[in-house]
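Structural overview
Single-letter residue listing:
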Amino acid sequence: MIRAEDVASLRKMTLGWRKAGQGIGFVPTMGALHDGHLSLIAAAKRDCDRVIVSIFVNPMQFNNPEDLAKYPRTEGRDSDLLRKAGVDLLFLPTPAVVYPAGFSSVVSVTGLSAELEGAHRPGHFDGMATVVSKLFLMTGADRAYFGEKDWQQLQIVRRMVTDLNIPIQIVGCPTFRDPDGLAMSSRNLRLSPADRQRAPVLPAAMARAAAAIAAGASVHEVLDKAQAEVLAGGFDSIDYIALHGAEDLRAMSTLDRPARLLAAVWIAGIRLIDNIAVDPA
Ligand code: PAF
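Summary of the structure given here. Keep in mind that what you see is a predicted model, and the values were worked out from it rather than measured.

Evaluation of the coordinates by the stated rule reveals five aromatic pairs. Taking the centre distance of 6.3 Å and the plane angle of 50 degrees together, the rings of Phe56 and Tyr99 count as tilted. Of this pair, Phe56 sits in the loop between β3 (50-55) and α3 (65-70) while Tyr99 is found in the loop between α5 (95-98) and α6 (117-120), placing the two residues 43 residues apart along the sequence. Its relative accessible area of 5% is what places Phe56 among the buried residues. Ring centres 6.2 Å apart and planes at 85 degrees place the aromatic pair Phe136 and Phe146 in the edge-to-face group. Note that Phe136 is positioned in helix α7 (residues 124-139) and Phe146 in strand β5 (residues 143-147), a separation of ten residues in sequence.

If you want it as structure tokens, here you go:
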């Protein structure tokens, strides 16, 4: 596995691959890799001749400095996992490579960024879209792989590449879950053993709520019940548990089109997010 820390060395490699007619897959990450990331890499390896993974904890997408400081960094372990997974190139830019002195551009995808995570984490999606567009342009990859766990992020990235004519295909991959149902996330590493045991209350309540809404129950009543179950199950507070259009991400009060039930909840100072599909019969 080759390591590149600057754009010139990254491009030297990708140029050679391009000349040889090889297709390039890309998995952007912030490190602290888990099986969810490895499933994205496996999908990229299936589809593409070469696979690039980036690790960059992007300061621009953290609205909370404490969250940035506490974000798990496990670079040695990550690098071993990537080598074993057969990744061709690990791109590890420094903040100065991504945001050189004088950097003043922002990619902002309006509309889709406004609600849910956008409302609770001001600036988060501008930071995400800015770094992801830069990484797409730096790698020149043909396909990029994103987990459905960050559903809103995935919709925003799709919109962005369409709007900006970035020649890359976005591939969404199903959320990877632990056997007890908890969606895999780098933030799970920060849960105490007791909180980790309580956390599957969230996906269980969401699965029940999704089934009830799909069966025709009142959206409002089902969401109230799910919130009560999550709080009773040991979570401290809820940013949202809400039903939104799967693609337009607009809030829904009746199930009149394919939807997504999305949640962001707090347990012992750690914020977990999850989402599942709710399809009309
Ligand atoms: O999903 C993430 O880990 C990040 O938002 C991403 C896509 C790597 C951009 O920093």
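When you tally the buried positions in strand β9 (residues 270-278), you get eight out of nine residues, the bulk of the element. Of the strand pairs in this sheet, strand β8 (residues 259-267) and β9 are connected by nine bridges, and their pairing is antiparallel. The residue bridging Ala263 from the neighbouring strand is Asp274, located in β9. Where β8 hands over to β9, the hairpin turn is made up of two residues, of which Ala268 adopts a positive phi near 45 degrees.

An order of β1-β4-β3-β2-β5-β6 is seen for the six strands of this open sheet, with the pairing classed as parallel. Each having just a single partner strand, β1 (2-4) and β6 (169-173) make up the two edges of the open sheet. Adjacent strand axes in the sheet meet at a mean angle of 25 degrees when their direction is disregarded. Strand direction decides the pairing type here: strand β2 (residues 24-29) and β5, joined by two bridges, are parallel. Bridge pairing in β5 links Phe26 to Ala144. Across the face of the sheet, helix α1 (residues 7-19) comes into contact with β1, β2, β3 and β4 (89-91) while running at roughly 150 degrees to β4. Its contacts with the sheet place α7 against β2, β3, β4, β5 and β6, and it is angled at close to 150 degrees to β2.

We now examine the site of the ligand. Around the ligand, the structure places Pro28, Thr29, Met30, Gln61, Met128, Val131, Val132, Phe146, Asp150 and Gln153. Note that an oxygen atom of the ligand is positioned 2.6 Å from one of the side-chain N or O atoms of Gln61. Contact distances for the ligand include 2.7 Å between an oxygen atom and a side-chain N or O atom of Gln153. Contact with the protein chains removes 89% of the 290 Å² of surface that the ligand exposes when unbound. Of all the secondary structure elements, the ones that give two or more residues to the shell around the ligand are β2 and α7.

Cut-offs used in this document
- Residues numbered from 1 in each chain as written.
- Predicted model: local features only at pLDDT ≥ 70, side-chain atom pairs only at ≥ 80, totals over all residues.
- Heavy atoms only, no water.
- Phe/Tyr/Trp six-rings, centres within 6.5 Å; stacked < 30°, edge-to-face > 60°.
- Helix = DSSP H or I, 4+ residues; strand = E, 2+ residues; numbered from the N terminus.
- Buried < 20%, exposed > 50% of the residue type's maximum accessible area, 1.4 Å probe, protein only.
- Pairing = 2+ DSSP bridges.
- Axes fitted to C-alpha atoms, helices over the stretch in contact; angles between N-to-C directions.
- Contact = heavy atoms within 4.5 Å.
- Near = heavy atom within 4 Å.
- Polar contact = N/O pair within 3.5 Å; in protein donor to acceptor, adjacent residues only side chain to side chain.
- Areas by Shrake-Rupley, 256 points an atom, 1.4 Å probe, with all protein chains shown as cover.

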